[in-house]
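Chain by chain, the residues run as shown.
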Amino acid sequence: MFKQSLTRRKLLGNAISGFAVAALSGTGLRALAQNASATPLDVYKDPTCGCCANWIDQMTERGFQSTIHHPRNLNAVKLEHGFTPQLQSCHTAVTAEGYAFEGHVPPKLVRQFLANPPANGKGLTVPGMPVGSPGMEMGSQFQPYDVVLLNKDGSTRVYASIRTPA
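Residues numbered from 1 in each chain as written. Predicted model: local features only at pLDDT ≥ 70, side-chain atom pairs only at ≥ 80, totals over all residues. Heavy atoms only, no water.

**Student:** Give me the overall build of the chain: which residues, what numbers.
**Tutor:** Within the chain, the regular secondary structure consists of five helices and seven strands. Across the chain, helices and strands are ordered from the amino to the carboxyl terminus as α-α-β-α-β-α-β-β-α-β-β-β. Taken over 166 residues, the chain has a buried fraction of 38%. Summing over all exposed atoms, the chain offers an accessible surface of approximately 9,700 Å²; the carbon and sulfur share of this is 57%. (Helix = DSSP H or I, 4+ residues; strand = E, 2+ residues; numbered from the N terminus. Buried < 20%, exposed > 50% of the residue type's maximum accessible area, 1.4 Å probe, protein only. Areas by Shrake-Rupley, 256 points an atom, 1.4 Å probe, with all protein chains shown as cover.)

Structure, rendered in structure tokens:
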């Protein structure tokens with residue numbers, strides 16, 4: 001009986017391994033490799049926010065890995081990272097190094113900022129929820145918007161102006 005059970009386990013294990021290899025071929029393997037080198041983000045959001053989930057999906061597709069948090073006091077998280085009410089949007093993402101990204105900041109600008117952080121830079125924000133920004137797509141509708149640099153001293157300046165959906 002023991003020998004028979006062991007043989008069944010081996011066969012089952014080999015079958016499962018085969019399925020795992022098949023699942024990891026092609027796209028699955030690329031996703032696993034991407035995830036292994038993904039940039040981690042802690043994302044703080046309301047549990048019911050759909051546009052936040054859309055933004056997180058776009059970040060994941062571009063090499064970020066999000067750990068999602070639903071704090072009781074989301075506004076306190078925003079203020080802790082320097083995002084005063086006029087700079088706020090619906091979600092806040094924070095890197096291990098403490099850089100913060102508020103709202104619908106395009107993934108390529110998050111990547112650009114992290115590759116070469118400005119000397120006094122604390123993070124980026126897209127105040128409000130502009131239609132057509134990442135996560136806020138609504139067909140062909142688009143509202144031009146600015147991505148704002150937040151400095152450690154609380155000062156701000158325009159980091160990038162987004163004038164077209166591309």
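**Student:** Any chance you could break down the nonpolar core for me, citing the residues and the numbers?
**Tutor:** With 21 residues, the main nonpolar core has L109, L124, V147 and Y159 as its most contacted residues. In this structure Y159 touches L109, Q112, F113, P118, L124, V147, V148 and L149, once residues within four positions along its chain are discounted. If you look at the next biggest cluster of nonpolar residues, it comprises nine residues, including V77, F83, A100 and V148. (Core = buried A, V, L, I, M, F, W, Y, C linked by side-chain atoms within 4.5 Å. Contact = heavy atoms within 4.5 Å.)

**Student:** Lay out the sheet that holds strand β2 (residues 64-69) with the relevant residues and their values.
**Tutor:** Taken in spatial order, the seven strands of this open sheet run β2-β1-β3-β4-β5-β6-β7, and their pairing is mixed. Strands at the two margins of the open sheet, each flanked by one partner only, are β2 and β7 (156-162). Across this sheet, the average inter-strand angle for adjacent strands is 25°, counted without regard to direction. Pairing of strand β1 (residues 39-44) with strand β3 (residues 92-94), which is carried by three bridges, proceeds in the antiparallel orientation. Counted as the bridge partner of Y44 is T92 from β3. (Pairing = 2+ DSSP bridges. Axes fitted to C-alpha atoms, helices over the stretch in contact; angles between N-to-C directions.)

**Student:** Which residues make up the pairing of β2, and what values do they have?
**Tutor:** Both β1 and β2 contribute to a ladder of six bridges, which runs parallel. Residue D42 lies in a different strand from β2, and its bridge partner there is T67. Between the parallel pair β1 and β2, the chain is carried across by helix α3 (residues 50-61), and the sense of this crossover is right-handed. (Right-handed = clockwise from strand over helix to strand, strands pointing away.)

**Student:** So what about α3? Which residues, and what values?
**Tutor:** Because the α-helix completes a turn every 3.6 residues, residues three or four places apart line up on one side. Its twelve residues place the ends of α3 17 Å apart at the C-alpha level, agreeing with the 16 Å of an ideal helix rising 1.5 Å per residue. Listed in full, the buried residues belonging to α3 are C51, C52, W55, I56, Q58 and M59. For α3, the angular spread of buried residues about the axis comes to 160°, placing them on one side. Against the buried residues of α3 lie β1, β2, β3, β4 (100-103) and α5 (107-115). Once α3 ends, the next one or two residues include G63, with phi positive near 95°. (Expected span 1.5 Å × (residues − 1). Arc of directions from axis to C-beta.)

**Student:** For the environment of A93, give the residues involved together with the corresponding values.
**Tutor:** Inspection of the secondary structure assignment puts A93 in strand β3. Overall, the relative accessible area of 0% leaves A93 in the buried class. For A93 and H69, which are 24 residues apart along the polypeptide, the C-alpha to C-alpha distance reads 9.8 Å. In contact with A93, not counting residues within four places along its chain, are L41, D42, V43, W55, Y99, A100 and F101.

**Student:** Please provide a residue-by-residue account of the pairing of β7, values included.
**Tutor:** Looking at chain direction, strand β6 (residues 145-151) and β7 are connected through six bridges and run antiparallel. Along β7, the bridge assignment pairs L149 with R157. Taking the residues that link successive antiparallel strands as the turn, the β6-β7 hairpin has four residues, and the phi of G154 there is positive, at about 95°.

**Student:** Describe in detail the packing of aromatic side chains, supporting the description with residues and values.
**Tutor:** Within the structure shown, the criterion is met by four aromatic pairs. With centroids separated by 5.2 Å and ring planes inclined at 80°, the aromatic side chains of Y99 and F113 adopt a geometry described as edge-to-face. Here Y99 is found in the loop between β3 and β4, whereas its partner F113 is found in helix α5, with 14 residues between them in sequence. An aromatic cluster is built from Y99, F101, F113 and Y159, whose rings are joined through pairwise contacts. (Phe/Tyr/Trp six-rings, centres within 6.5 Å; stacked < 30°, edge-to-face > 60°.)

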